[in-house]
There are 2 protein chains.
Amino acid sequence: MTFLQTATDQPAREDIDLGAVLHALSDPIRLEIVAALDSRAEACPTGSFEVPVSKSTCTHHFRVLREAGVVRQRREGTARLNTLRRDDLEARFPGLLDAVLDAKAG
Amino acid sequence: MTFLQTATDQPAREDIDLGAVLHALSDPIRLEIVAALDSRAEACPTGSFEVPVSKSTCTHHFRVLREAGVVRQRREGTARLNTLRRDDLEARFPGLLDAVLDAKAG
DNA sequence: TGGCTAGTACGATGGGTGTCGAACCGTATC
DNA sequence: GATACGGTTCGACACCCATCGTACTAGCCA
């Protein structure tokens with residue numbers, strides 16, 4: 001009985017909660033991750049982000065992003081590939097992600 | 001020596017922090033307040049919002065909104081009149097407030 | 001003066017959050 | 001198999017946060 005289903009506990013598109021998304025994006029490190037993910041536009045392993053926190057903290061932040069519905073994770077070998085859920089976020093909260101990313105870049 | 005300057009500790013437009021704004025908006029009660037403020041489009045006393053919390057908690061939420069730069073407060077008699085800082089938010093983070101309000105309404 | 005109303009200040013409390021290190025797991029490669 | 005690598009899990013910790021009740025202040029009105 002393993003608990004490695006953690007990559008699957010992502011909300012369905014219609015279950016994405018606005019409060020959870022805003023909270024997920026309100027942390028500077030997570031916002032940095034999201035911006036980096038957005039600029040790359042390709043699935044990126046968790047460890048490829050230059051964040052000033054430990055591995056376990058990084059796992060924590062990706063979990064918050066995943067459970068909020070901001071990020072999608074899938075396994076590929078030993079790595080965890082992350083992608084922005086642009087489509088789902090845009091469908092549910094049109095313009096929100098871009099407004100936040102623009103605000104950060106601003 | 002009174003401490004009633006609390007209504008003035010609002011950030012200048014250029015000091016409004018994105019993380020603080022997102023955090024302020026990530027709470028359902030505060031988001032409800034902001035939406036109500038937006039719909040009325042007039043300065044409203046703090047007590048005129050139907051929120052399921054106590055007076056002191058309400059004060060707390062308005063302080064968070066004020067310190068984040070989302071809301072402006074001014075005294076008028078015994079009341080505290082609240083207004084959305086639409087102009088400042090729009091200047092600093094274009095489209096963000098509307099995206100959030102649309103997301104909530106959607 | 002006295003009371004009423006609107007709101008703040010304070011202290012307490014329970015729960016969440018960001019952080020870490022150490023231990024562990026899965027997958028690849030030697 | 002052994003080792004290394006990428007991540008997760010698990011406490012633990014300090015801090016923040018939403019909430020409350022009580023006490024308080026400021027302004028208004030009789």
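Everything in this summary refers to the structure shown in the same document. These figures come from a predicted structure and were not determined experimentally. (Residues numbered from 1 in each chain as written. Chains lettered and ligands numbered in written order. Predicted model: local features only at pLDDT ≥ 70, side-chain atom pairs only at ≥ 80, totals over all residues. Heavy atoms only, no water.)

## Quick notes on the environment of Glu32(B)
Let me state the cut-off plainly: Only DSSP runs of H or I with at least four residues qualify as helices, and only runs of E with at least two residues qualify as strands; both kinds are numbered from the N terminus onward. Only protein chains enter the calculation, and the probe is 1.4 Å; a residue is then buried if its accessible area is under 20% of its type maximum, exposed if over 50%, and partly exposed in between.
On the secondary structure map, Glu32(B) appears in helix α2 (residues 28-40). Here Glu32(B) falls in the partly exposed class, since its relative accessible area comes to 42%.

## Things to note about the protein's contact with DNA strand C
Our working definition: Distances are taken per atom, and a residue is near a molecule or strand as soon as one of its heavy atoms is within 4 Å of it. Polar contact criterion, stated in full: a pair of N or O atoms within 3.5 Å, where within protein one must be able to donate a hydrogen and the other to accept it, and residues adjacent in sequence count only if both atoms are side-chain atoms. Under the convention adopted here, Pro, Cys and the residues Ala, Val, Leu, Ile, Met, Phe, Trp and Tyr are nonpolar, Asp, Glu, Lys and Arg are charged, and Gly plus all remaining residues are polar.
If you check the shell around DNA strand C, you find 25 residues, and the closest are Ser54(A), His61(A), Gly47(B), Lys55(B) and Thr59(B). Sugar and phosphate atoms form 66% of the subset of DNA strand C atoms that lie within 4 Å of the protein. Within the side chain of Ser56(A), a nitrogen or oxygen atom sits 2.8 Å from a base oxygen of DNA strand C. Secondary-structure elements contributing two or more residues to the surface near DNA strand C are α2 (28-40) and α3 (55-68) of chain A together with α3 (55-68) and β3 (79-84) of chain B. The element contributing the most residues to the surface near DNA strand C is α3(A), with 4 residues. In terms of residue class, the surface near DNA strand C is built from 6 nonpolar, 15 polar and 4 charged.

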